[in-house]
Amino acid sequence: MSILRVENLTKTYSSGGRELTVLHSVNFTLEPGDTFSIVGPSGSGKTTLLGLCAGLDRASSGSVYLNDVRLDTLNEDQRAAIRNQYVGFIFQNFQLLPTLTALENVMVPLELRGERGAGKAAQALLERVGLGQRGHHYPTQLSGGEQQRVSLARAFANRPKLLFADEPTGNLDADTSATVVDLLFELNREAGTTLVLVTHDMELASRTQRVIRIKGGAVVNELVNDRIIEG
Ligand SMILES: Nc1ncnc2c1ncn2[C@@H]1O[C@H](COP(=O)(O)OP(=O)(O)O)[C@@H](O)[C@H]1O
Ligand SMILES: [Mg+2]
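Residues numbered from 1 in each chain as written. Chains lettered and ligands numbered in written order. Predicted model: local features only at pLDDT ≥ 70, side-chain atom pairs only at ≥ 80, totals over all residues.

For this particular structure, what's the right way to read the overall build of the protein chain?
Looking only at helices and strands, one finds 7 helices and 11 strands in the protein chain. Whereas a compact globule of 231 residues would reach a radius of gyration of roughly 17 Å, the protein chain reaches 18 Å, a difference of no more than 12%. Across the 231 residues of the protein chain, 41% fall into the buried class. Considering only contacts in the protein chain between residues 6 or more positions apart, those separated by 24 or more positions represent 66%. (Helix = DSSP H or I, 4+ residues; strand = E, 2+ residues; numbered from the N terminus. Rg over C-alpha atoms; globule rule 2.2 N^0.38 Å. Buried ≥ 20, exposed ≤ 12 C-beta atoms within 10 Å, placed from the backbone. Contact = placed C-beta atoms within 7 Å.)

Explain the site of ligand 1 here, please?
What surrounds ligand 1 is the set Tyr13, Ser15, Leu20, Val22, Gly40, Ser42, Gly43, Ser44, Gly45, Lys46, Thr47 and Thr48. Of all the secondary structure elements, the ones that give two or more residues to the shell around ligand 1 are strand 1 (4–15), strand 2 (18–30) and helix 1 (46–53). With 3 residues, helix 1 is the single largest residue contributor to the shell around ligand 1. Here the residues of the shell around ligand 1 sort into 3 nonpolar, 8 polar and 1 charged. (Near = placed C-beta within 6 Å. Nonpolar A, V, L, I, M, F, W, Y, C, P; charged D, E, K, R; others polar.)

Explain the packing of helix 3 (residues 102–112) against helix 4 (residues 118–128) here, please?
Each packed pair of helices is defined by two parameters, the angle between the axes and the distance between the axes. Remark: helix 3 packs on helix 4, axes separated minimally by 8 Å, with the N-to-C direction vectors making an angle of 125 degrees. Taken together, the axis directions place helix 3 and helix 4 in an arrangement best described as oblique. Viewed along their axes, helix 3 and helix 4 form a crossing whose handedness is right-handed. Two secondary-structure elements touch here, helix 3 through Ala102, Leu103, Val106, Met107, Leu110 and Glu111 and helix 4 through Ala118, Gly119, Ala121, Ala122, Gln123, Leu125 and Leu126. Here the residues of the contact of helix 3 with helix 4 sort into 10 nonpolar, 2 polar and 1 charged. (Axes fitted to C-alpha atoms, helices over the stretch in contact; angles between N-to-C directions. Parallel < 35°, antiparallel > 145°, perpendicular 65-115°, else oblique. Left-handed = near helix turned anticlockwise from the far one by under 90°.)

Looking at this structure, how should I read the packing of helix 3 against helix 5 (residues 144–157)?
Following both chains from N to C, one finds helix 3 and helix 5 inclined at 20 degrees, their axes separated by 8 Å at the closest point. In this view, helix 3 runs roughly parallel relative to helix 5, as classed from their interaxial angle. Handedness of the crossing formed by helix 3 with helix 5: right-handed. Each of Ala102, Asn105, Val106, Val108, Pro109 and Leu110 in helix 3 lies in contact with helix 5, whose residues at this interface are Val150, Ala153, Arg154 and Ala157.

How should the nonpolar core be read in this particular structure?
Counting 62 residues, the largest nonpolar core has Cys53, Val106, Ala122, Leu126, Ala153, Phe164 and Val196 as its most contacted members. By residue number, the principal contributor to this core is helix 5, which donates 6 residues. Not counting the four nearest positions on each side in its chain, Ala153 is found in contact with Val106, Leu125, Leu126, Arg128 and Val129. (Core = buried A, V, L, I, M, F, W, Y, C linked by C-beta atoms within 7 Å.)

Can you help me understand the pairing of strand 2 in this one?
On a regular strand, each side chain points to the face opposite its neighbour's, so the side chains alternate between the two faces of the sheet. Taken together, the 9 bridges between strand 1 and strand 2 define a ladder with antiparallel strand orientation. For Ser14, the partnering residue across the bridge sits in strand 2 and is Glu19. (Pairing = 2+ DSSP bridges.)

Can you walk me through helix 3 in this structure?
Along an α-helix, residues three or four positions apart point the same way, because every turn accommodates 3.6 residues. Within the sequence span of helix 3, burial applies to Ala102, Leu103, Asn105, Val106, Met107, Pro109 and Leu110. At the exit of helix 3 stands Gly114, carrying a positive phi of roughly 70 degrees.

I'm lost on the sheet that holds strand 2 in this one. Help?
In sheet architecture, strand pairing relies on hydrogen bonds along the backbone and comes in two forms, parallel and antiparallel. Sheet architecture is open: 4 strands sit in the order 2-1-4-5, paired in antiparallel fashion. In this open sheet, the two strands that pair with only one neighbour each are strand 2 and strand 5 (69–70). Docked against the sheet, helix 1 engages strand 1, strand 2 and strand 4 (61–66), running at close to 120 degrees with respect to strand 1.

What follows is the structure, given as structure tokens:
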């Protein structure tokens, strides 16, 4: 059973009377526990691809199967339920809710699931990312690296099967990036989560088992354990 299967995925935007195809028939399949990177230059379609994989957006053609459920057969509420059940997210700009404290941000996914003891679980996660003393602080009172650690705690709160990270270190300096990335891989290994990492940093990508390179919305090649397979 695959956790994520992408079949002939194509996305075309129409704007100003013109059609722009930003993804061209992308295919890949991930098994549970795989770690996978998507690398490519800015504008190559990485974020669009992640959005389709997570059911945040609809493909023009082709399909995405998340945990063997075909996303385009579901309505918006059903897709949101699947996301809450299976998926965690990490964004380049953290996307913490500014009116909630660090602790409350981590509690959100747990409360959406109606889990009891959300506060305690969230506190344990904050401790795991080294921010046990910062739970009462608001995002603006935290540095970028600290905000990203809170968002890691939030992403893992649901014990997701699948974690999507879109340029998770894009807004961080080198030292802070290293801390956040080490923590991301550690938490991922502990939880056995399938990781889909988007980056333009080949060194970061090389920490995952598989790497696909995309250019102009098409897969150029795939690296599996450093061996190149032409796309
Ligand atoms: N809503 C949209 N309407 C039109 N074009 C879009 C839209 N979203 C993204 N694009 C275009 O799709 C291409 C891929 O964007 P994106 O997926 O954000 O790339 P990346 O994440 O690799 O930088 C870009 O050319 C971008 O301008
Ligand atoms: Mg992007």
